[in-house]
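Structure assessment
Chain residues, written in single-letter form:
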Protein chains: 2
Amino acid sequence: MPLNSGQIDKRIRAFTKICRQSGVRATHQRREIFREVARTDEHPDAETIYKRVRKRMPTVSLDTIYRTLSLLEEKGLLKRLELFSGRTRFDANTQPHHHFICTQCGLVRDFTSEQMDALARPNEVRSWGEVRSVNVQLRGICSACRAKGRRARAK
Amino acid sequence: MPLNSGQIDKRIRAFTKICRQSGVRATHQRREIFREVARTDEHPDAETIYKRVRKRMPTVSLDTIYRTLSLLEEKGLLKRLELFSGRTRFDANTQPHHHFICTQCGLVRDFTSEQMDALARPNEVRSWGEVRSVNVQLRGICSACRAKGRRARAK
DNA sequence: CCTGAAATAAGAATTATTCCTATTTAATTA
DNA sequence: TAATTAAATAGGAATAATTCTTATTTCAGG
Ligand SMILES: [Mn+2]
Ligand SMILES: [Mn+2]
Ligand SMILES: [Zn+2]
Ligand SMILES: [Zn+2]
């Protein structure tokens, strides 16, 4: 499910614009880190981004990865997902959307649903506070993992 | 929103039964740790449970807390929630339900919704794998935090 | 080309969680 | 009840993800 390059370009332009507007420097490191998240829909974690960016910038530090990801989140250019214990994952899709999550291999896929976006929130919820976002997580087992499981059992 | 003691008792009975059935020892530690999660709906983290259990069992170790929580999860007596980075939280409500989450203070509240449980999953999702659970997260700001924010701004 | 503020690299520190192992405990049996 | 023994625990060490500290580098403006 590769992103089309139009979408990637759009994200990169948003990055450039936001940097200029908010007066933060669009450094080489920041550009490469953002590009690496923006070019994929696989919701990578910090370590994965680090490894990929290092291919083209061998001296980049892991700390810069984390600092930059936090900055980008703060500027609204990406979202942080806490789906599993241990590793935070990052999402350059800032449109409201939902996730299918494979609990076996960690696959995360985006989908949208008007029905889910339009969910009526129960009255009790209204009394607890103000809802800012609705996120639906469908957890299960992806096709690849299911096939792998079948093969293992067949032995 | 305190739990009624009937519900707590029901959970404790489930614990006792599961331990006997699956041949794990119902130790003093396990009973106290489970009771501490079962008696509240605030979705505590391991550290919080540790502090509370220690009041009555001062020698309990943090490792036992973690080991026991994992065991209880494995036996289906509680669920693990990864809502924020850093700390895992635990939920003795094993019925399907959804959550309102305050992103400021970490408040988590349960609610149920037939509409949400009945959500149709898009076709594309069906092709990705098999969905085992549906979880809706409503993120926002709770009333207490909003009031606190207003007071701070008023100064 | 300077200058100063912002950003980075590298490694230390912190935090949550898991691992190791000597000791204790609970269930079973005599 | 006492002895047996596998399971469980306590306490401290280890690990993994993330954040902090600080000396050095970079970049924008003058
Ligand atoms: Mn996404
Ligand atoms: Mn819950
Ligand atoms: Zn999978
Ligand atoms: Zn709050």
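The preceding data block contains the structure.
Here we summarise the structure given alongside this text. Remember, predicted model here, so these are calculated numbers, not experimental data. (Residues numbered from 1 in each chain as written. Chains lettered and ligands numbered in written order. Predicted model: local features only at pLDDT ≥ 70, side-chain atom pairs only at ≥ 80, totals over all residues. Heavy atoms only, no water.)

1. Here we look at the protein's contact with DNA strand D
- Neighbouring DNA strand D are 18 residues; Asp63(A), Tyr66(A), Arg87(A), Thr64(B) and Arg67(B) lie closest to it.
- Within 4 Å of the protein, the contacting atoms of DNA strand D are drawn from sugar and phosphate to the extent of 70%.
- In this structure, Thr27(B) approaches DNA strand D through a side-chain N or O atom, which is 3.0 Å from a phosphate oxygen.
- Between DNA strand D and the protein, one listed contact pairs a phosphate oxygen with a side-chain N or O atom of Arg67(B) at 2.5 Å.
- Elements with a minimum of two residues in the surface near DNA strand D: helix H4 (62-74) of chain A together with helix H2 (28-38) and helix H4 (62-74) of chain B.
- The residue makeup of the surface near DNA strand D, split by class, is four nonpolar, seven polar and seven charged. (Near = heavy atom within 4 Å. Polar contact = N/O pair within 3.5 Å; in protein donor to acceptor, adjacent residues only side chain to side chain. Helix = DSSP H or I, 4+ residues; strand = E, 2+ residues; numbered from the N terminus. Nonpolar A, V, L, I, M, F, W, Y, C, P; charged D, E, K, R; others polar.)

2. Notes on the coordination of the manganese ion (ligand 1)
All names here are of chain A.
- At the metal site, the manganese ion (ligand 1) is ligated by His43 (NE2), Asp91 (OD), His97 (NE2), His99 (NE2) and Asp110 (OD), and these contacts range over 2.0 to 2.2 Å.
- Each donor residue of the manganese ion (ligand 1) lies on one chain, and together they are spaced H-x47-D-x5-H-x1-H-x10-D. With a gap of 19 residues between them, aspartate 91 in strand E2 (residues 89-91) and aspartate 110 in strand E4 (residues 108-111) connect regions that are remote in the sequence.
- Accessibility expressed as a relative area gives 21% for aspartate 110, which makes it partly exposed. (Donors = N, O, S within 2.8 Å, 3.2 Å for Na, K, Ca; no water. Buried < 20%, exposed > 50% of the residue type's maximum accessible area, 1.4 Å probe, protein only.)

3. A word on the relation of the copies chain B and chain A
- For these two chains of identical sequence, chain B goes onto chain A by a turn of 180° and a shift of 0.0 Å along the axis, with RMSD 0.1 Å. In the structure described here, the two chain copies are related by an operation that fits a two-fold rotation axis. Considering only C-alpha atoms, the part of chain B nearest the rotation axis is Val136(B), at 2.2 Å. (Least-squares fit on C-alpha atoms with pLDDT ≥ 70 in both.)

4. What about the protein's contact with DNA strand C?
- As a structural note, the neighbourhood of DNA strand C is formed by 19 residues, with Thr64(A), Arg67(A), Asp63(B), Tyr66(B) and Arg87(B) the closest of them.
- Near the protein, meaning within 4 Å, the atoms of DNA strand C are sugar or phosphate in a fraction of 69%, with bases accounting for the rest.
- Between DNA strand C and the protein, one listed contact pairs a sugar or linking oxygen with a side-chain N or O atom of Gln29(A) at 2.9 Å.
- In terms of residue class, the surface near DNA strand C is made up of five nonpolar, seven polar and seven charged.

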